[in-house]
Amino acid sequence: MLNKFLVFCFLTLIPTVVLAQNYPFSLQSDMEATIHINSSSQEIFNNLLLGTNTHHFSTTKEKDLINKLKPITIRFPHGLWANWYDWRRDVTRLFGTESFQYEQGVNKTIRTKTVDHLASINIFDNLNIKVGIEGLTSLNTARKSQTGKGFDMMWTFNMSTDGNDFNNGSPETIARYNDLISRGFEVKVVEMGNENFYPGQRSSIIPNVEDYIARAKSMSAALKAKDPSIRVSVPLLRRDNWANPDWNKDLTEDLTYFDAVTVHTYVGSDPDDANNSDEAFGTALTARKHLGNSIYDYAHKVAPNKPIWLTEWGVKSGGPNAVSALGMVDCYIFMSQNQDVFERANWFSVNGKLNSHYVWETYISPSGVERPRIKYPLEKTLFGSAYEILRLALENATLIESNVEVANLVDGVKAVNARVVTKDGKTSVFVVNLSNQDVPFNVNIDGVAYTDTTTHQAIAFSTMDEERAMGIDVDPLALISEGSEGITLPKYSINIIELSNASLST
């Protein structure tokens, strides 16, 4: 995405002011919700949907943060910088010329484009700023010694490093693959470039669609010759694009050279295009629909049988507030309901500024400049708290088929959404209440009402724009009720309800 350089550049933090808004949907005042559970239909939850984008792997403090997070997957490098990654130096640098001509639109009008964020690329190159492969190698080695297995890695490969000869077998790609293997990494999934549908994220080496396709086919063949089990993806658009409106169609005329499709979807605040942002609270609360549309209206129309790698995504309407966290959680529930479509997902990001799991602060540098950094001792934002709850509920769980009977916010988005899970011998209902009212919640298992003991924990909010930071080791969940009394979901809440005697364990 175009503006993720904010993660790295030392820019001044600008506080976000959010004005209170009225609840954007009309719901009946006496709304109830009932979940109907079909215990005979089960599937394993795909932990790779809980992936994240993380940054900085070099210093002891950075490594300690990664080890505390225990990431399910790591993407390296990430974002725009992957298109300019020199693996031999472990730096970002320009490949090709600073500007180039490309064919724009269906009429192939010749346009001149300067590489996006060229000044930052040159700064990183001239200062020899390392991206972090040495630190990541040591982290991976330590993880292997402790657990017997290294990180699940999503590698993003530079599409320009092999040069203009598209029949050369992509030697630099293979050299990088060999280097990663020698470092002890697994190389099983590779994104062929990052958002190359933007001309400024291509180069003078691959200025046009046909150049990208030629290099992608060469890289794919070369990597699969090394390891036939390697899977590769191509980046497809999630919305209309004026520069190359036929990008998706052109890349998918031949479906044989790639195994998956990478899509980057940001709901609400859009870091790719500030002029196309929608920070309305209603957008966050219906985030699952926007996420679905970004797939079904675009990638799935041209490659319906290719799995989706959502290697960048986020939900943010006004900041790390209640509706942003609720929409985030509902999108995870949505993906868990469509595991045949979504194979991987990496939230952007954990320890970068965009959609951060951690609280940031400003400090005065020795040169007298105000700069941003993660606050220590660590505090988590609502994104961090929501993610902690998600992992508690879903990681290593078995999903039980269910359906929630409740009113809709809009067509395709229910006011209450849930997944039933069994984990560690316990059966629970993981529920998000997107509504502005407390909702009585009934549980029906195989046609029989469950009236036995429950333990109900939740994080709940009083307003849509509420933000809440808490210590990194503070439990975000509070006990709501315990016993056999009825269940009520607090308004604007994320809930885990343990059904103590449901006997659905697998």
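Above this text is the structure in question.
Note on numbering: residues in each chain are counted from 1, in written sequence order. Totals for whole chains, interfaces and linings use every residue, but because this is a predicted model, local features are given only for residues with pLDDT of at least 70 and side-chain atom pairs only at 80 or more, for both listing and counting. Side-chain measures here rest on the full set of heavy atoms in the structure, leaving out hydrogens and waters.

## A short note on the overall build of the chain
For helices the rule is a DSSP run of H or I covering at least 4 residues; for strands it is a run of E covering at least 2, with both sets numbered from the N terminus onward. The number of helices and strands found in the chain is 10 helices and 28 strands. Taken over C-alpha atoms, the radius of gyration comes to 23 Å for the chain, in line with the 23 Å a tight globule of 506 residues would show. For every residue, the accessible area obtained with a 1.4 Å probe (protein chains only) is divided by the maximum for its type, and the residue is called buried under 20%, exposed over 50%, and partly exposed between those limits. Relative to its 506 residues, the chain shows a buried fraction of 58%. Every residue pair with non-hydrogen atoms within 4.5 Å of one another is taken to be in contact. Long-range pairs, those at least 24 residues apart, make up 77% of the contacts in the chain between residues at least 6 apart in sequence. What sets the accessible areas is the Shrake-Rupley method with a 1.4 Å probe; for residues, cover comes only from the shown protein chains. Accessible area for the chain stands at about 20,000 Å²; split by element, carbon and sulfur atoms hold 49% of it. Side chains of the chain give 46 positive and 59 negative charges; the mean places of these two sets differ by 6 Å. Just to be clear, the radius of gyration here is over C-alpha atoms, and the globule rule we use is 2.2 Å times residues to the power 0.38. The charge count includes Lys and Arg as positive and Asp and Glu as negative, but it does not include His or the ends of the chains. Charge placement uses NZ in Lys and CZ in Arg. For Asp and Glu, CG and CD serve respectively.

## Things to note about the side chain of R238
Here R238 is to be found in the loop between β10 (231–235) and α6 (247–251). Residues adjacent in sequence count toward polar contacts only when both atoms are side-chain atoms; beyond that, a polar contact is any pair of N or O atoms within 3.5 Å, and within protein one must be able to donate a hydrogen and the other to accept it. A distance of 2.6 Å separates a polar side-chain atom of R238 from the backbone oxygen of H264. In this structure the side chain of R238 is engaged in a polar contact, spanning 3.1 Å, whose partner is the side chain of D270.

## A short note on helix α4 (residues 171–182)
Between its first and last C-alpha, α4 extends 16 Å over 12 residues, near the 16 Å set by a 1.5 Å rise per residue. Contacts made by the buried residues of α4 are with β3 (73–76), β4 (85–86), α3 (133–147), β8 (152–157) and α5 (209–226). In the stretch just after α4, G184 is the one whose phi turns positive, near 95°. The span expected for a helix works out to 1.5 Å for each residue beyond the first.

## Concerning the pattern of salt bridges
Pairs can form between side chains of opposite charge once their charged atoms are near each other. A carboxyl oxygen of Asp or Glu within 4 Å of a side-chain nitrogen of Lys or Arg is what we treat as a salt bridge. Scanning the entire structure with this criterion turns up 27 salt bridges. The partner of D227 in a salt bridge is K188, with the nearest N and O atoms 2.8 Å apart. Residue D227 is located in the loop between α5 and β10, and its partner K188 is located in the loop between α4 and β9 (189–192); the two are separated by 39 residues in the primary sequence. The class of K188 is partly exposed, set by a relative accessible area of 35%. A cluster of three or more residues bridged by salt bridges with shared partners is formed by R238, R239, D270 and D272.

## Focus: the side chain of N248
Residue position: N248 is located in helix α6. On the accessibility criterion, N248 (8% relative accessible area) is buried. Looking at N248, its side chain comes within polar contact range of the main-chain nitrogen of L237, at 2.7 Å. Setting aside anything within four residues of it in sequence, one finds N248 in contact with L236, L237, Y298, A299 and V302.

## Side note on a nonpolar patch on the surface
A cluster of nonpolar side chains, contributed by I123, L127 and I129, occupies part of the molecular surface with about 280 Å² of accessible area. Topologically, I129 is positioned in the loop between α2 (118–126) and α3. Each patch is built from residues that are more than 30% exposed by relative accessible area and take part in no salt bridge. Like charges join if they lie within 9 Å; nonpolar side chains (Val, Leu, Ile, Met, Phe, Trp, Tyr) join within 5 Å.

## A closer look at the sheet that holds β10
Taken in spatial order, the eight strands of this open sheet run β2-β13-β12-β11-β10-β9-β8-β3, and their pairing is parallel. The outermost strands of the open sheet, each flanked by one partner alone, are β2 (51–52) and β3. By this definition, two strands are paired if DSSP reports at least two bridges between them. Pairing between β10 and strand β11 (residues 260–268): three bridges, direction parallel. Within β11, the residue paired with V234 across the bridge is V261. In this fold α4 packs onto β3 and β8, with an angle of close to 160° to the strand it touches most, β8. Axis definition: a line fitted to C-alpha atoms, over the contacting stretch in the case of helices. Angles run 0 to 180 degrees between N-to-C directions.

## Concerning unusual backbone geometry
Cis geometry is adopted by the peptide bond preceding S349, which originates at F348 and carries an omega value of 5°. Following Y376, the chain continues into P377 via a peptide bond in cis, with omega recorded as -5°. Turning to its location among the elements, P377 is positioned in the loop between β15 (370–374) and β16 (379–380). Non-glycine residue E195 carries a positive phi angle of around 50°. Secondary-structure assignment places E195 in the loop between β9 and α5. Judged by its relative accessible area of 2%, E195 falls in the buried class. In the Ramachandran plot, N396 falls in the positive-phi region, its phi being about 60° despite a non-glycine side chain.

## As for the pairing of β15
Inspection of the sheet shows strand β14 (residues 360–364) paired to β15 by five bridges, in the antiparallel sense. Bridging from a neighbouring strand, T362 pairs with P372 of β15. Here β14 folds back onto β15 in antiparallel fashion, the turn holding five residues, of which G368 has a positive phi close to 90°.

## What to know about helix α9 (residues 322–336)
Relative to the 21 Å expected for 15 residues at 1.5 Å per residue, α9 spans 21 Å between its end C-alpha atoms, a close match to the ideal helical length. Taken across its 15 residues, α9 has 15 buried, putting it largely inside the fold.

## Side note on the packing of α9 against helix α10 (residues 382–394)
Remark: α9 packs on α10, axes separated minimally by 9 Å, with the N-to-C direction vectors making an angle of 30°. The angle between α9 and α10 falls in the class roughly parallel. Of the two elements, α9 crosses α10, and the hand of that crossing is right-handed. Contacts from A322, S324, A325, M328, V329 and Y332 in α9 reach L382, F383, A386, Y387 and L390 in α10. Gly falls in the polar group here, along with every residue not listed as nonpolar (Ala, Val, Leu, Ile, Met, Phe, Trp, Tyr, Cys, Pro) or charged (Asp, Glu, Lys, Arg). Among the residues forming the contact of α9 with α10, the class breakdown is 10 nonpolar, one polar and no charged. Oblique is the label for any angle not covered by the other classes, which are roughly parallel (under 35 degrees), roughly antiparallel (over 145) and roughly perpendicular (65 to 115). Here is the rule for handedness: rotate from the far helix to the near one, and if that takes an anticlockwise turn smaller than a right angle the crossing is left-handed, while a clockwise turn gives right-handed.

## Structural notes on the packing of helix α1 (residues 60–69) against α3
Two elements in contact, α1 and α3, have axes whose closest approach is 11 Å; the angle formed by their N-to-C orientations is 45°. Compared by their axis directions, α1 and α3 come out oblique. Crossing geometry of α1 relative to α3 is assigned as right-handed. Here K63, I66 and N67 of α1 lie close against α3, whose contacting residues are G135, S138 and L139. A breakdown of the residues in the contact of α1 with α3 according to their chemical character gives two nonpolar, three polar and one charged.

Just distances and angles here, no functional claims.
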